[in-house]
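Results of the structural survey
This is what each chain is made of:
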Amino acid sequence: MDSLYDNLFAPGTLRVLLMVVMFAPLGFAALVALTGERFRAARRLSGLFAALHLMLTIFLVAVAAMYSASHTHASNDTFCPIAVPGDSGEGTAIAGGSQEHRTSWNLFMVGKPDPKVPSVPPAVQFFVGLDGLNMWLILLASIMTYVAVSLSWHSAREKAGGYYAWVFVLQTAVTGAFASFDVILFYVFFELTLIPTFFLIGGWGVGGGKRDAARKFFLYTLFGSLFSLIGLIGIVYTNPTFSSGQLSGEVKDLQMPLRRGPVSFSINQLIFNTYNWRQVLDGRAALAQASAEQRAAEVEQKRQQNAADLSAFQKLADEALLQSKTAAAERDRHSAVQGWLFFALIAGFVVKTPLVPFHTWLPAAYAEAPTPVTMLLSAVLAKLGTLGLLRIVIPLCPDMAVQYGLPVFGTLGAIGIVYAAFCAFNQKDVKLMAAYSSVSHLGLLVLGMFALNSEGLTGATLHMVNHGLSAGATFALLAVLHDRYGTTDMTQLGGLWSRHTKFAFFLILISLAAVGLPGTNNFITEMLLIGGLFKPWAFGTVGYWLAIAAASGILLSAWYTFTMLRNVLFGNLKIPTALPDGAKTGDLTGRELWALLLPTLGCVVLGVYPQPVLDSMRHDVATIEKVVNAARMRVNPTLAELEKTQPPADEPDGVHH
Amino acid sequence: MPDPLSPIGLSLIAVTLPLLGSVLSALCGAARLPRLAHMPAVLTFAAAGVISGYVLFTLAGGKDPLSYKAELGTWFTVGDMKVPVAFHLDSLSLIMLSTVTFIATFIAVFSASYMKGDDGFARYFAVMGLFVFAMCLLVTSNNFFLLVAGWEGVGLCSYLLVGYYYTKPSAAAAARKAFLVTRLGDVGMILGIFWLWKFGGYHSNIDQLVDHITHQPPAADQITLCCLLLFCGAVGKSAQLPLYVWLPDAMEGPTPVSALIHAATMVTAGVYLLARTAPLFALSPTAQIVVTIVGGLTALLAAFIALAQYDLKRVLAYSTVSQLGFMFMGLGCGGAIAPNIAVTAAIFHLFTHAFFKALLFLGSGSVMHAMGNVIDMRKFGGLRKLMPVTHATFLIGSLALAGFPLLSGFWSKDQILTALHDAGTGRSVFHGYYYTVYLVACLTALMTAFYTFRAYFLTFWGEERVPHEAHGHAHESSPAMTIPLVILAVGALAIGAVVDPLTHWFGHFLERSPVLHHADEAFHKTTNMSVGHHAFNVTVAAISSVLSLAGIGIAAMLYRKGGPEKVPTVLKPVFALSQNKAYVDEVYGATVVLPAETAASGSGQFDGFLDALARLISFIPRFLGAVLRPLQNGLVQFYALGMVLGLAVFLTVVVLRSGR
Amino acid sequence: MSLDINNPILQLILATMLGGLGVFFLLPRPRGRWVAGGVALVLCGMGTLAAFLITRFGQPLAASDAANIDWVGSGLFWLFAAGAIVFGMVLVTQRNPARGAIAFAFVILSTCGLFLLLAAPFLMAATIIIYAGAIIVTFLFVLMLSNVRTASDENDRSREPLLGALAGFAFLGLVLFTLHSSEADSTGPEALLTSIERVRLTEAVSKLDAGEADEANNLVNDVLVNRVDGKPTVAQRLASHDADPRVAAFLAQTIELRKSNDKVFNAQNAADKSKAAAALRPELIVYLGNGHLPARNVANLGTVLYSEYLLAVEMAGTLLLVATVGAVAIAGRRNPAKEVPA
Amino acid sequence: MITLWHFLGVGATLFALGLVGFLTRRNLITMFLCAELMLQGVVINLLAFGRFHGTLSGQAMGLFVITVAACEAGLAMALFLMLYRRGKTLDSGDWQQVRETGVPAATDAVPLPLPPADDEPKLPVPGLRPEQVAAPFPESSRA
């Protein structure tokens, strides 16, 4: 396969392509903005752009996925992004270039470069790339932008150029955040998404409270992510580096001198440092303790022998004890700092995701936003939060993720599954129902993710895409509905099957995907996420109730979804008496059909044959898992021992019902 | 990849064919050729039936264990969760596969005539094809997750077909109810599968998992928990006691659908599941007795409700629930006598029941077709002259259902009763329960005979009455509908006797399945009892015959003249209770649906409260603003004063600090 | 802190409190103004302030210096200072703005007297001319505009009299306290030099100004190197106290001065000598802690203005022009209130 | 001996007095004069520093201060004139429109004292016959 890639593409083609995929939407935005008020021109132009972009992205991601599924990496030390612009190495493989997977594009330096740490300057870098965690999300963003652009009929009637331009700006921001491997770059793109969203909700929203909703969305998520910024800065500043530390290889020397401070902003480097730093701390503490114990034993021995120079030995023992205490204190301080940073970091991401009870910005924003924008919010933007959890929070604070992840945030996720499902059932507006259903699904995602084993993590990674496709398609259908009747209120609509057969087909299919019927994508990931909760170590901590809550989501999602289907599709035809001006009539048009076909096809294909996608994620999930496993051994050594020595089936602390 | 001409290869072709038929039917609909949509379905079902029948007959007669396995690649694999697309073929799945495709073929033929001219003709056959595919997948998959795929697939098709008349609100409600209630059971099943996966060394293939668990059994309470959770799924799908309520409502679908899905095939998936996992159940006698008791209670309650229904299809629906209860009673005996006897009895009843219940439903469909879609027995009667073929076949079906001696229903029911009797008189710790259930089963058998013939007499005897909805066109159905009836009637008449009591072919064939072998071993290991063989018990057969004849006799006595029926005053409350379905729906409405909906609206309100909490934070800057606003009073001197005071404070601090 | 009347802190607090209270009582208000008490308090406050200034800064250096006290200069200072403050007080508390303007004129006169004492005759003249002109203009305006004979809001009310007086006098107290504490930090030249030494060195500055570098050189040498009238030199006299950091700093300054002086002494040619002398002069002045302006004050001021501050002078001129144009533009506009109905 | 500190003290006192006046008096002209008073305090400081450091920079600065004060006086007079034309008053408290919405305007609670009763009869100049009776209180018609 290598030779195929090498022959087809010169090294660096993918890097250029990635840059194009990231920044072309900005150019589109500028061009579309020029059309101003001309609706048709803006619509055609942006449709063309989005389709072009989608084709490019499909090509890019397909090649990248084949690459990362077929290449085995020697170690799991860090994420292995490929197609990194500015990668200095001139390796054999086209995508990576070198095996270093890092960039040399500095945005600005912070402090002086340390000559002892070559090629890792303390600089904020333009470090973007594709790996298993983000490449599918980038494709998802491109698909959803295409769908949003195609389905913005009613929403973009006024000031069409501005609307489409903001949508493209949003795409660049989201893609940038997905692709970033530098914490500051990530944060900048992460916050950049707020601006287009703010204008899209506030300017083109459908409800009376759109400005209020836009402001609430903006402030609420910003409030959360400011904590994350604090956390990021803290992580960067408390992250030490090793004077001989390369990006790969084990750090063995426990007496290795360390340099604190902003040494790197690269997520890869930070993960590597965090992982090894903790090992070194533990190693030092263990060594010092062993030495102290040895000294104490010596003293005891001498005392029994009534040796004359007892006091000298006593002094040595005291020194060793002091050293041991110092080393332990250093380790404990590290843990304490990591704890605070964990909660600060996670704040922004759980708000963005959102996790119950930090979700209250969501109903207002989702309801007031133009439906295609709601689609983007739910399908793509929410994934920023979960990707942040996966890429930053868990690998950078693994001990806290092991200790508090499942008991606190997993429990919140479980509560969210049930609670949001009940809320969803209570809604009269399909859009709000879908909004709460998103909360419910993402609760499951977070719950499964914090199981922190390969099933849960892979399930979470894929569920981001799957939920994006199914929730996106749901909102896309609602946009179609809104274009026809100007409302998505279930009390005003009913029996639409008899009028829109194709629409009904798609709605049923997507609803099936949403409830996780086998053969659709969500089934795979729900099984993985629930399965993750059944791995033994997770049980040592919180018990089976989380798994039961997760499984109850299977029923509850069906409950509200099928009630919605009954109200909207079944029964006698019921439509609002007053239809909006310029409303479409009839079944799906060709453009809508194409737009809906993409995510629907995605749902089915990922449900029937997900293995290639799963394979492309394997390495990067293994990276997280490695970091987490080390943390797990630290947090609960006995459990780790048990798991190591005994076959899982005979695991003793099983069910006691 | 297996050899396509090997038994497993042929079976997989048979499994896939209905999917092809479904796609072709859908394409017919899309290509504006809806009138041809039945052709792909009928042809592929028939081909699948012929292939599976061929495989069955080529494999029949041997003595060796019968088990073929195939893996067609990976569905998904992550970490310890490895889900291959794995199939297996043993006697159990082969019998199921043949039954399903065989019955489906005739029902498809019947439907082609019955549904002619309907708007959703192509949709009907596409979904039906999908259903048969999912059912075949369910019975042949060797992997729990693949089984769940088939399981949910049949549920989906059931949903789509019950809600086939989508403009009918009652159909929409029934479809949703069917889906949700079965899914409630599925939650339990999925949890059970995961627990099994955990205890079973992270195998998800059924055979490997069963091997692992039978060789390294986990604690008894753990295995009981897993079995009961699996049974939850079966309870939902097979309409057992807490969750049976969806099945009578599911009669809103077209009648052939009721015949295929809600009588012959899908509802028996639960029985199949328990048979398939019999080795696990064999490890847990507690789970077995629970199965038996649930089955007994269901059979009794459903039979009781069926006594006073006026809707012909509902009578049949409750009788289906009741007969499924019989099957579970039989399955549960595996904890007290050998699992192979129990499973054989249950599967045998499943097999015969598929014939006569499909026949009865199709017969009622024929009646309904003639009566202009009226199914209320009070509105018609005395149809035996008008619809002779239907009458004859319906009579055969009723006799079979009632357990009339020597008909197929008699033999299979007799096996279950014998099993229960043996269990009740055996050495099991639960033999008291088993014996009670045996008595219940006898009572139910009596009630079954009675209500079946009540329906038969009310429909076909008495003076001839035709509802005005029939527009005077009431007539015997076309041959496309009557030929399937006749064929199924032959099956109902003779197949029971042919396959088992005469030849013992069925039992021997089923015994070749490694599942039963494993189950017997596990049973032996768990209970330390020897594994017996099925023996014809003359006493039980006699009692069963007497009860059946008594039921038929009472019904003939009361309803020979046809309706309207006269109820003795003493029995009126009982009659009303039965007619109102024992108020189970109302009880559920008050205890499950209402609390859930209240919880939903409560959650909605609580969400508002949460939102208010979040908004509370936004009041902090507002409050500060309100406090500080009066300072901006527009007087320049006031501002200057503030400046000077601030400066004074600042200077004080500076001076005092530097003074130190 | 003991309640010693000579305690400068106490005096300071008393002065600001009395003054503040007095001004508070005197500030115009519709009713409750207490003129007599206010005046008394203000006078007491002024007295306390003077006492503070005297006890803290104005003490005779030593009994032997009593002959050298500049009685005339001191008297004039106190006179003008008192005048400025009293008339300032009148300006602040006078209800009638016309009388206030007159009081302000007297303030200007008094400060001009202080200017003279500070050796700024040109500035004195300029201030009188400009302010007198400005005051006359102002006065005219006042007469023209606010010949309100009845009570009026602007003249008979004060905005926040208590807080205003408090703020202003707190500010004053803080500044005085800062003076108090910063003066304590640099007592060096005043206390450490004898008056004879001071006179000698002052003479040396005059000689330097007159261009007589050698004379000045000798005078400095007299003080720093030779024994003057048989007394020890500065360095010898203070050597025993050099543990005190201020004394040590002063001694270091002395050594630097000697080095500069030696440079003048050892200069080879005239050019070097005048250069070294030019460097010596500011050092001497810093050493004395007390400036001594050149004799030809106004001429030198002109030189400075048109050499060092030329750009600033030009800008000031431009500013004046712009201000004139602006004032004309503003004052010449019609009344917009008539055009826009309220 | 008069030292630098005495002058600084006087300058500070003048500044503080000006400050008090500026903060409390409401007549714009008086306020302006008070501001000038503060400037005088500053100029004294500048001169004193110059004097006691033996430089002329202090005087130069003083000169600039006086220049600025002159500009200020000119502009302030022009502005006062404008304001007087608009509101017929020199009260700085009348210009408080630039306040936060919702904050009530500051009003004066205590009433102004009445003008002293002018009840002494004004006798005509003896020996002359009064030509006509003047309108009583000619000012009141203006107000």
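Bear in mind that the values here come from a model prediction, so they are computed numbers and not experimental data.

Scanning chain A for helices and strands turns up 22 helices and 4 strands. Counting across all 657 residues of chain A, residues that qualify as buried make up 64%. Across chain A, contacts joining residues at least 24 apart in sequence account for 81% of those joining residues at least 6 apart. Of the accessible surface of chain A, which amounts to about 22400 Å², a share of 63% is contributed by carbon and sulfur atoms.

Okay, the interface of chain D and chain C next. Contacts between the two partners involve 75 residues from chain D and, on the opposite side, 103 residues from chain C. Summed over both partners, the interface of chain D with chain C comes to about 7900 Å²; 74% of that surface belongs to carbon and sulfur atoms. At the boundary of chain D and chain C, one finds 1 salt bridge. For D:D108, the salt bridge identified is with C:R157, shortest N-O distance 3.5 Å. For the interface between chain D and chain C, the tally reads 13 residue pairs in polar contact (both at pLDDT 80 or more). Of all the elements in the fold, those that place two or more residues in the side of chain D that touches chain C are helix 1 (4–24), helix 2 (28–53) and helix 3 (57–87) of chain D. Tallying contributions element by element places helix 3 of chain D first for the side of chain D that touches chain C, with 23 residues. Considered class by class, the residues forming the side of chain D that touches chain C number 46 nonpolar, 20 polar and 9 charged.

Each partner contributes residues to the interface: chain D has 17 residues there, and chain B has 11 residues. In this assembly, chain D and chain B are joined by 1 salt bridge. The shortest N-O distance in the salt bridge between D:E100 and B:R629 comes to 3.4 Å. Linking chain D with chain B are 6 residue pairs in polar contact (both at pLDDT 80 or more). The leading source of residues in the side of chain D that touches chain B is helix 1 of chain D, at 4 residues. Broken down by class, the residue content of the side of chain D that touches chain B amounts to 8 nonpolar, 5 polar and 4 charged.

Here the focus is a positive patch on the surface. Taken together, the side chains of A:R40, A:R44, A:R157 and A:R591 make up a positively charged region of the molecular surface. Within the secondary structure, A:R157 is located in the loop between helix 4 (135–151) and helix 5 (160–179).

Attention now goes to unusual backbone geometry. Going from A:T353 to A:P354, the amide bond is cis rather than trans, its omega being -15 degrees. Note on placement: A:P354 falls in the loop between helix 10 (310–352) and helix 11 (361–368). Backbone torsion omega between A:V356 and A:P357 reads 5 degrees, so that peptide bond is classified as cis. Of note in this structure, B:K581 is not a glycine but carries a positive phi near 55 degrees. Tracing the backbone through its elements, the reader meets B:K581 in the loop between helix 23 (572–579) and helix 24 (584–628).

Residues and elements named next belong to chain A. The full count for this structure, using the stated rule, is 32 salt bridges over all chains. Close ionic contact of R215 with D212 constitutes a salt bridge, the shortest N to O distance being 3.0 Å. Of this pair, R215 and D212 are both found in helix 8 (residues 210–237), 3 residues apart, which corresponds to roughly one turn of the helix. Given a relative accessible area of 43%, R215 falls into the partly exposed group. Judged by relative accessible area, D212 falls into the partly exposed class, the value being 32%. In this structure, the salt-bridge partner of R634 is D399, at a minimum N-O distance of 2.8 Å. Of the two residues, R634 is situated in helix 21 (residues 611–635) and D399 in helix 13 (residues 398–426); the sequence distance between them amounts to 235 residues. Both residues of the pair, R634 and D399, count as buried.

Turning our attention to the pairing of strand 1 (residues 67–78) of chain B. Residue and element names in this part refer to chain B. Pairing analysis gives 9 bridges linking strand 1 to strand 2 (residues 81–90), with the strands arranged antiparallel. Bridge pairing in strand 2 links T74 to P84. Between strand 1 and strand 2, which pair antiparallel and follow one another directly, the connecting turn spans 2 residues, one of which, G79, has a positive phi of 55 degrees.

Turning next to a nonpolar patch on the surface. A surface patch of nonpolar side chains, about 990 Å² in accessible area, is lined by A:F223, A:F227, A:I230, B:I617, B:I620, B:F623, B:L624, B:V627, B:L628 and B:L631. When contributions to the nonpolar patch are tallied by element, the ones reaching two or more residues are helix 8 of chain A together with helix 24 of chain B. Broken down by element, the residue count for the nonpolar patch peaks at 6 residues, all from helix 24 of chain B. Its location among the elements puts B:L631 in the loop between helix 24 and helix 25 (636–659).

Another point: the confidence of the model for chain A. On average, residues of chain A score 84 in pLDDT, and 86% of them reach the 70 mark or higher. For the stretch residues 646–657 of chain A, pLDDT sits under 50, and the model shows 21 contacts to residues farther than four places along the chain or on other chains.

Residue and element names in this part refer to chain B. In this structure the tally under the stated criterion is 0 disulfides over all chains. C157 carries a free sulfur, and the closest cysteine sulfur to it, the one in C136, is 12 Å from it. Of all cysteine sulfurs, the one in C226 lies closest to C227, which takes part in no disulfide; the gap is 6.7 Å.

To continue, consider the packing of helix 15 (residues 454–485) of chain A against helix 21 of chain A. Residue and element names in this part refer to chain A. In contact at an axis separation of 9 Å, helix 15 and helix 21 are set at 125 degrees when each is read in the N-to-C sense. Here helix 21 runs oblique to helix 15, going by the angle between their axes. Between helix 15 and helix 21 lies a crossing whose hand is right-handed. Across the interface between the two elements, S454, L457, T458, T461 and L462 from helix 15 touch V613, L614, M617, V621, I624 and E625 from helix 21. Taken together, the residues that form the contact of helix 15 with helix 21 break down as 7 nonpolar, 3 polar and 1 charged.

Bringing helix 12 (residues 371–396) of chain A into the picture now. Residue and element names in this part refer to chain A. Here helix 12 is 26 residues long and its end C-alpha atoms lie 36 Å apart, about the 38 Å a rise of 1.5 Å per residue gives. The sharpest bend along helix 12 measures roughly 35 degrees and falls at L389. Among the 26 residues that make up helix 12, 26 are buried, leaving the element largely enclosed by the rest of the structure.

Summarising the model, chain B shows a mean pLDDT of 88, and 99% of its residues fall at 70 or more. Scoring of the predicted complex yields 0.81 for pTM and 0.74 for ipTM.

It is worth spelling out the nonpolar core at this point. If you look at the biggest cluster of nonpolar residues, it comprises 427 residues, and the most contacted ones within it are A:L569, B:W75 and B:I347. Sequence-distant contacts of A:L569, defined by excluding residues within four places in its chain, comprise A:G495, A:L496, A:W497, A:F503, A:A504, A:L507 and A:I508. C:A84, C:C112, C:A316 and D:I29 belong to the second-largest nonpolar core, a separate cluster that totals 85 residues.

Moving on, we come to the side chain of C:R29. Residue and element names in this part refer to chain C. Residue position: R29 is located in the loop between helix 1 (8–26) and helix 2 (35–57). Buried charge without a salt bridge: R29, with D156 as the nearest opposite-charge side chain at an N-O distance of 10 Å. One polar contact links the side chain of R29 to the main-chain carbonyl oxygen of L27, over a distance of 3.3 Å. Setting aside its immediate chain neighbours within four residues, R29 contacts F24, D156, R157 and P161.

As a further point, take the packing of helix 10 of chain A against helix 13 of chain A. All names here are of chain A. Here helix 10 crosses helix 13 at 50 degrees, and the two axes come no closer than 9 Å. For the element pair helix 10 / helix 13, the angle class is oblique. Considering only the axes of helix 10 and helix 13, their crossing is right-handed. Listed contacts from helix 13 to S335, Q338, G339, F342, F343, I346 and V350 of helix 10 are P398, D399, M400, A401, Y404 and F409. In the contact of helix 10 with helix 13, the residues fall into 9 nonpolar, 3 polar and 1 charged.

A few words on helix 16 (residues 501–514) of chain A. All names here are of chain A. For helix 16, spanning 14 residues, the distance from its first C-alpha to its last is 20 Å, which sits close to the expected 20 Å at 1.5 Å a residue. The element helix 16 is largely enclosed, with a buried count of 10 among its 14 residues. Looking at helix 16, one finds that the buried residues are F503, A504, F506, L507, I508, I510, S511, L512, A513 and A514. Just past helix 16, the residue G516 takes up positive phi, approximately 75 degrees.

To continue, consider the packing of aromatic side chains. Evaluated as defined, the whole model comprises 75 aromatic pairs over all chains. Seen in terms of ring centroids, A:F28 and A:F168 are 5.4 Å apart; in terms of plane orientation they differ by 70 degrees. Their pairing is edge-to-face. Here the residue A:F28 occupies a position in helix 2 (residues 13–34), and A:F168 occupies one in helix 5, the gap between them amounting to 140 residues. An identical accessibility class is assigned to A:F28 and A:F168; each is buried. Cluster of aromatic residues (ring-pair linked, three or more members): A:F523, A:F534, B:W75, B:F76, B:F145, B:F194, B:W195, B:W197 and B:Y202.

Each value, and the rule that gives it
- The residue numbers shown here count from 1 along each chain, following its written sequence.
- As a convention, the first chain written is A and the first ligand written is 1, with the rest following in written order.
- Local features in this predicted model are restricted to residues of pLDDT 70 or higher, and side-chain atom pairs are both shown and tallied only at a pLDDT of 80 or more, whereas totals for entire chains, interfaces and linings draw on every residue.
- Just so you know, side-chain values use all the structure's heavy atoms and leave hydrogens and water out.
- Helix numbers and strand numbers start at the N terminus; a helix is a DSSP run of H or I with at least 4 residues, a strand a run of E with at least 2.
- Partly exposed residues are those whose accessible area sits between 20% and 50% of the maximum for their type, while under 20% is buried and over 50% is exposed, using a 1.4 Å probe and protein chains only.
- Working rule for contacts: check all heavy atoms of both residues, and any pair within 4.5 Å makes them a contact.
- Residue burial considers only the protein chains on display, and all accessible areas are found by Shrake-Rupley using a 1.4 Å probe.
- The term buried area denotes the loss of accessible surface (1.4 Å probe radius) that occurs when two parts are joined, taken as the sum for both partners.
- Any carboxyl oxygen of Asp or Glu that lies within 4 Å of a side-chain nitrogen of Lys or Arg is treated as forming a salt bridge with it.
- As used in this structure description, the phrase polar contact means that two N or O atoms lie within 3.5 Å; if the pair is within protein, one of them must be able to donate a hydrogen and the other to accept it, and residues adjacent in sequence are counted only when both atoms belong to side chains.
- Residues are sorted three ways: Asp, Glu, Lys and Arg are charged, Ala, Val, Leu, Ile, Met, Phe, Trp, Tyr, Cys and Pro are nonpolar, and all the rest, Gly among them, are polar.
- By definition, no residue in a patch forms a salt bridge, and every one has over 30% relative accessible area; like charges are joined within 9 Å, nonpolar side chains (Val, Leu, Ile, Met, Phe, Trp, Tyr) within 5 Å.
- His is not counted, nor are the chain ends; Lys and Arg add positive charge and Asp and Glu add negative charge.
- Where a charge lies is defined by one atom per residue type, namely NZ (Lys), CZ (Arg), CG (Asp) and CD (Glu).
- Strand pairing requires that DSSP identify at least two bridges connecting the strands.
- pLDDT is a per-residue confidence score from the predictor, ranging from 0 to 100.
- Pairs of cysteine sulfur atoms within 2.5 Å are what we label disulfides.
- Only the contacting stretch of a helix is used when fitting its axis, a line to C-alpha atoms as for every element, and angles between N-to-C directions run 0 to 180 degrees.
- For classification purposes, angles smaller than 35 degrees are called roughly parallel, those larger than 145 roughly antiparallel, those between 65 and 115 roughly perpendicular, and all remaining angles oblique.
- For any pair of crossing helices, the crossing counts as left-handed if the nearer helix is rotated counterclockwise from the farther one by less than a right angle, and right-handed if it is rotated clockwise.
- To estimate the expected span of a helix, count its residues, drop one, and scale the result by 1.5 Å.
- What is called the bend at a residue is the angle between a pair of axes, fitted to the seven residues leading up to and ending at it and to the seven starting from it.
- Buried Ala, Val, Leu, Ile, Met, Phe, Trp, Tyr and Cys residues that are joined via side-chain atoms within 4.5 Å together make up what is termed a nonpolar core.
- Pairing of aromatic rings covers Phe, Tyr and Trp, the last counted by its six-membered ring, and requires centre-to-centre distances within 6.5 Å; plane angles under 30 degrees mean stacked, over 60 mean edge-to-face, and any other angle means tilted.

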